[in-house]
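Working through the structure, step by step
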Amino acid sequence: MLINVCTVVLILIHGVEGLSLNQNQNFLVKLKGKTVSFRCEVTGLTSGNVVHWYHKKDGDTFKRLLYISESGVATSEAKDFVSEKIGNSYGIKLKETKEEHAGMYYCACWEGNHSERKL
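Quick summary incoming for the structure in this document. Since the model is a prediction, treat every value here as computed from it, not as a measurement. (Residues numbered from 1 in each chain as written. Predicted model: local features only at pLDDT ≥ 70, side-chain atom pairs only at ≥ 80, totals over all residues. Heavy atoms only, no water.)

**Topic: the overall build of the chain**
Regarding its fold elements, the chain presents zero helices and ten strands. Secondary structure elements in the chain, listed N-terminal to C-terminal, are β-β-β-β-β-β-β-β-β-β. The buried share of the chain, reckoned over its 119 residues, is 36%. Across the chain, every contact between residues at least 6 apart in sequence was considered, and the portion connecting residues at least 24 apart equals 56%. In the form shown here, the chain has an accessible surface area of approximately 7200 Å², with 49% of it arising from carbon and sulfur atoms. (Helix = DSSP H or I, 4+ residues; strand = E, 2+ residues; numbered from the N terminus. Buried < 20%, exposed > 50% of the residue type's maximum accessible area, 1.4 Å probe, protein only. Contact = heavy atoms within 4.5 Å. Areas by Shrake-Rupley, 256 points an atom, 1.4 Å probe, with all protein chains shown as cover.)

Below, the structure written as structure tokens:
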């Protein structure tokens, strides 16, 4: 059975010029059990900022998979995905596709200070 995996780029830039994100991969179809990788080319990312990867299924909200720092350190929130960073390329890799992995994959980055807080 084929799994349709679409990728779309989501860029959120807050007031700082020079940050650029490019993703050439727009659509992939993979068989279950196969390996798949997605990449974003990001330039202008500074220390302290990260590239985020999200997964979205039809009718669901965005789910963050992981984020990768400029230095290549990754924090994962999804067990099936690993990060890949080579130069300005920030990617995710899935070693074994499953039906649950079908959907849209977004990479995002922004510059500027931000904090997480619970309300």
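Still more to cover.
**Describing the environment of methionine 104**
Mapped onto the fold, methionine 104 is located in strand S10 (residues 103–109). A C-alpha to C-alpha distance of 9.1 Å links methionine 104 and phenylalanine 27, two positions 77 residues apart in sequence.

**Some words on the environment of arginine 64**
Relative to the helices and strands, arginine 64 resides in strand S6 (residues 63–69). Along the primary structure arginine 64 and tryptophan 53 are separated by eleven residues, whereas in three dimensions their C-alpha atoms are 5.9 Å apart. Side chain to side chain, arginine 64 and histidine 52 meet in a polar contact 3.2 Å long. A polar side-chain atom of arginine 64 sits 2.8 Å from a polar atom in the side chain of glutamate 77. (Polar contact = N/O pair within 3.5 Å; in protein donor to acceptor, adjacent residues only side chain to side chain.)

**A word on the packing of aromatic side chains**
Under the defined criterion, the tally for this structure stands at five aromatic pairs. Here the aromatic rings of phenylalanine 38 and tryptophan 53 are separated by 6.4 Å at their centres, their planes lie at 35°, and the arrangement is tilted. Residue phenylalanine 38 is found in strand S4 (residues 36–43), and its partner tryptophan 53 is found in strand S5 (residues 50–56); the two are separated by 15 residues along the sequence. Taking 4.8 Å as the distance between ring centres and 20° as the angle between the ring planes, the aromatic pair formed by phenylalanine 38 and tyrosine 105 counts as stacked. With a gap of 67 residues between them, phenylalanine 38 in strand S4 and tyrosine 105 in strand S10 connect regions that are remote in the sequence. What makes tyrosine 105 buried here is its relative accessible area of 1%. (Phe/Tyr/Trp six-rings, centres within 6.5 Å; stacked < 30°, edge-to-face > 60°.)

**Focus: the sheet that holds strand S8 (residues 81–86)**
Each strand in a sheet pairs with another by means of backbone hydrogen bonds, the pair being arranged parallel or else antiparallel. If you walk across this open sheet you meet the four strands as S2-S4-S9-S8, and the pairing is antiparallel. Edge positions in the open sheet fall to strand S2 (20–22) and S8, since each of these has one partner strand only. In this sheet, neighbouring strand axes are inclined to one another by 25° on average, regardless of whether the strands run parallel or antiparallel. (Pairing = 2+ DSSP bridges. Axes fitted to C-alpha atoms, helices over the stretch in contact; angles between N-to-C directions.)

**Points about the pattern of salt bridges**
As enumerated under the stated definition, the model contains two salt bridges in all. A salt bridge links arginine 39 to glutamate 84; its shortest N-O distance comes to 3.0 Å. Of this pair, arginine 39 sits in strand S4 while glutamate 84 sits in strand S8, and the two are 45 residues apart along the sequence. What makes arginine 39 partly exposed here is its relative accessible area of 26%. Note that glutamate 77 and arginine 64 form a salt bridge whose closest N and O atoms lie 2.8 Å from each other. Here arginine 64 lies in strand S6 and glutamate 77 lies in the loop between strand S7 (74–76) and S8, a separation of 13 residues in the sequence. (Salt bridge = Lys/Arg side-chain N within 4 Å of Asp/Glu carboxyl O.)

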